[in-house]
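In case you want the letters, here they are:
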Amino acid sequence: MKKLLTILLVGAMLLGLAACGGDKGGQQANNGGGTDEEKKETLVMATNAEFPPYEYWENNAIVGIDAEVAAAIADKLGMELRIDDMAFDATLVALQSGQANMVMAGMTVTPERQENVNFSEPYAEGHQVIIVKEDSTIATVEDLAGKKIGVQTNTTGDIYITDDLGDEAVARFNRGADAVMDLKNDKVDAVVIDLEPAKAFVAANEGLKILDTEYATEEYAIAINKNDTELLEKVNTALQELKDDGTLQQIIDTYIPAE
Ligand code: GLN
């Protein structure tokens with residue numbers, strides 16, 4: 001009898017503790033931090049912050065759709081987000097060498113990349129478009145034949161143009177902005193790049209336009225190391241919640257106002 005009482009007592013204490021922990025957890029989520037902050041695990045996101053409006057520098061911080069979605073996911077996972085900026089080319093290397101937990105970089109899901117990393121469910125649609133000078137004779141995808149096309153190294157724009165027109169047609173740049181600069185200076189005839197950054201580059205530079213015919217439609221997703229299926233599951237759950245409660249759309253609408 002005494003033994004049973006002890007078990008009951010210990011059980012009640014444990015339940016009480018668990019309840020306390022639960023309360024504290026709730027509070028922490030509400031005030032966005034507090035005393036447990038230092039215990040939080042870090043979620044490292046690798047990106048290339050030259051890709052507005054998905055990721056770019058503003059007032060010494062990386063902001064944009066990906067940065068905000070990552071912050072919302074980290075929040076749901078009870079983790080501290082750290083964003084590491086690097087060349088687009090380097091993001092998947094960082095992921096595979098364990099220096100980053102995930103890549104969010106307006107990254108398109110491709111079969112080749114899927115051989116090396118896992119992708120979350122998609123969170124946005126991407127479009128490869130063609131930027132030319134306003135007075136360009138290039139009006140359609142077909143007109144690109146025999147021309148010099150600027151792309152960002154190892155992006156899908158690079159992959160498609162290289163596949164379709166050959167290596168000699170491609171001029172590769174580390175930053176999309178540099179490709180656009182060479183277009184302005186007549187060193188390339190067109191730039192193939194994602195639609196939203198293209199809009200930002202055209203808005204920031206006079207005399208350029210985006211062709212109506214796009215090159216390809218694709219899906220952006222979060223890349224995660226193949227070994228880290230636990231994180232993949234958690235990220236997908238968090239992403240689904242952000243889709244269901246409208247947060248994801250709200251973030252996208254903030255950065256891509258309806259026309
Ligand atoms: N969506 C393109 C890709 O995944 C470009 C991404 C980027 O330049 N950040 O290749």
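Our subject is the structure listed above.
Residues numbered from 1 in each chain as written. Predicted model: local features only at pLDDT ≥ 70, side-chain atom pairs only at ≥ 80, totals over all residues. Heavy atoms only, no water.

**Some words on the site of the ligand**
Taken together, 13 residues form the shell around the ligand, and within it Ala105, Gly106, Thr108, Thr156 and Asp194 come nearest. Between the ligand and the protein, one listed contact pairs a nitrogen atom with a side-chain N or O atom of threonine 108 at 2.8 Å. Residue arginine 113 places a side-chain N or O atom 2.8 Å away from an oxygen atom belonging to the ligand. Protein coverage of the free-state accessible area of the ligand, which is 300 Å², stands at 100%. Placement of the ligand is best described as lying within the largest cavity. The residue makeup of the shell around the ligand, split by class, is 5 nonpolar, 5 polar and 3 charged. (Near = heavy atom within 4 Å. Polar contact = N/O pair within 3.5 Å; in protein donor to acceptor, adjacent residues only side chain to side chain. Areas by Shrake-Rupley, 256 points an atom, 1.4 Å probe, with all protein chains shown as cover. 1 Å grid on protein atoms, 1.4 Å probe; cavity = no way out; pocket = protein on both sides within 12 Å on 5 of 7 lines; lining within 4 Å. Sits in = over half its atoms within 2 Å of the grid points. Nonpolar A, V, L, I, M, F, W, Y, C, P; charged D, E, K, R; others polar.)

**Considering the layout of surface pockets**
Reported here for the largest pocket is a volume of approximately 240 Å³. Along its surface, the largest pocket is lined by 14 residues, and Leu92, Arg113, Asn116, Asn154 and Ile159 are the ones closest to its centre. Looking at the lining of the largest pocket, the elements with two or more residues in it are helix H3 (88-96) and helix H4 (111-116). The element contributing the most residues to the lining of the largest pocket is H3, with 6 residues. (Points joined across faces, edges and corners; volume = space filled by probe spheres on them. Helix = DSSP H or I, 4+ residues; strand = E, 2+ residues; numbered from the N terminus.)

**So, the side chain of glutamate 196**
Note on placement: glutamate 196 falls in helix H7 (residues 195-204). Accessibility expressed as a relative area gives 13% for glutamate 196, which makes it buried. (Buried < 20%, exposed > 50% of the residue type's maximum accessible area, 1.4 Å probe, protein only.)

**Looking at the sheet that holds strand E14 (residues 223-225)**
With mixed pairing, 5 strands are arranged side by side in an open sheet as E5-E1-E6-E14-E7. Among the strands making up the open sheet, the edge pair consists of strand E5 (80-85) and strand E7 (117-119). Sheet topology places strand E6 (residues 102-103) next to E14; 2 bridges connect them, and they run antiparallel. Opposite methionine 102, over in E14, you have isoleucine 224 as the bridge partner. Packed on one face of the sheet, helix H2 (residues 65-77) meets strand E1 (42-47), E5 and E6 and runs near 150° to E5. (Pairing = 2+ DSSP bridges. Contact = heavy atoms within 4.5 Å. Axes fitted to C-alpha atoms, helices over the stretch in contact; angles between N-to-C directions.)

**Quick look at empty space enclosed by the protein**
To find leftover empty space, one rolls a probe the size of a water molecule over the atoms. The full count for this structure, using the stated rule, is 1 cavity of 30 Å³ or more. By volume, the largest cavity amounts to about 90 Å³. Lining the largest cavity are 14 residues; nearest its centre among them are Phe51, Phe88, Gly106, Thr155 and Asp194. The residue makeup of the lining of the largest cavity, split by class, is 4 nonpolar, 7 polar and 3 charged.

**Observations regarding the packing of H2 against helix H9 (residues 247-255)**
Where H2 meets H9, the axes come as close as 9 Å, and the angle between the chain directions of the two elements is 155°. Between H2 and H9, the angle falls in the class roughly antiparallel. Crossing hand, H2 versus H9: right-handed. Every residue of H9 that contacts H2 at Ile65, Glu68 and Val69 is listed here: Leu248, Ile251, Ile252 and Tyr255. (Parallel < 35°, antiparallel > 145°, perpendicular 65-115°, else oblique. Left-handed = near helix turned anticlockwise from the far one by under 90°.)

**Observations concerning a negative patch on the surface**
A cluster of acidic residues, Glu112, Glu115, Asp163 and Asp164, forms a negative patch at the surface. Of all the secondary-structure elements, those providing two or more residues to the negative patch are H4 and helix H5 (156-165). (Patch = residues over 30% accessible without salt bridge, like charges linked within 9 Å, V, L, I, M, F, W, Y side chains within 5 Å. Salt bridge = Lys/Arg side-chain N within 4 Å of Asp/Glu carboxyl O. Lys, Arg positive; Asp, Glu negative; His and termini not counted. Charge placed at Lys NZ, Arg CZ, Asp CG, Glu CD.)

**What about the pattern of salt bridges?**
Once their charged atoms are close, side chains differing in charge can pair, the charge on each being opposite to the other. Counted by the stated rule, this structure contains 9 salt bridges. In this structure, arginine 175 and glutamate 50 form a salt bridge, with 2.9 Å as the shortest nitrogen-oxygen distance. Linking arginine 175 in the loop between strand E10 (170-173) and helix H6 (176-184) with glutamate 50 in strand E2 (residues 50-51), this pair joins segments that are 125 residues apart in sequence. What makes glutamate 50 partly exposed here is its relative accessible area of 25%. Notably, a salt bridge pairs arginine 175 with aspartate 178, separated by 3.1 Å at the nearest N-O pair. Judged by its relative accessible area of 32%, arginine 175 is partly exposed. Classification of aspartate 178 by relative accessible area gives partly exposed; the value is 28%.

**Regarding H2**
Side chains of residues three or four places apart in an α-helix project in the same direction, reflecting 3.6 residues per turn. When the terminal C-alpha atoms of H2 are compared, their 18 Å separation across 13 residues agrees well with the 18 Å that a helix rising 1.5 Å per residue should span. Looking at H2, one finds that the buried residues are Ile65, Asp66, Ala67, Val69, Ala70, Ala72, Ile73, Ala74 and Leu77. Immediately downstream of H2, the backbone of glycine 78 shows phi near 65°, a positive value. (Expected span 1.5 Å × (residues − 1).)

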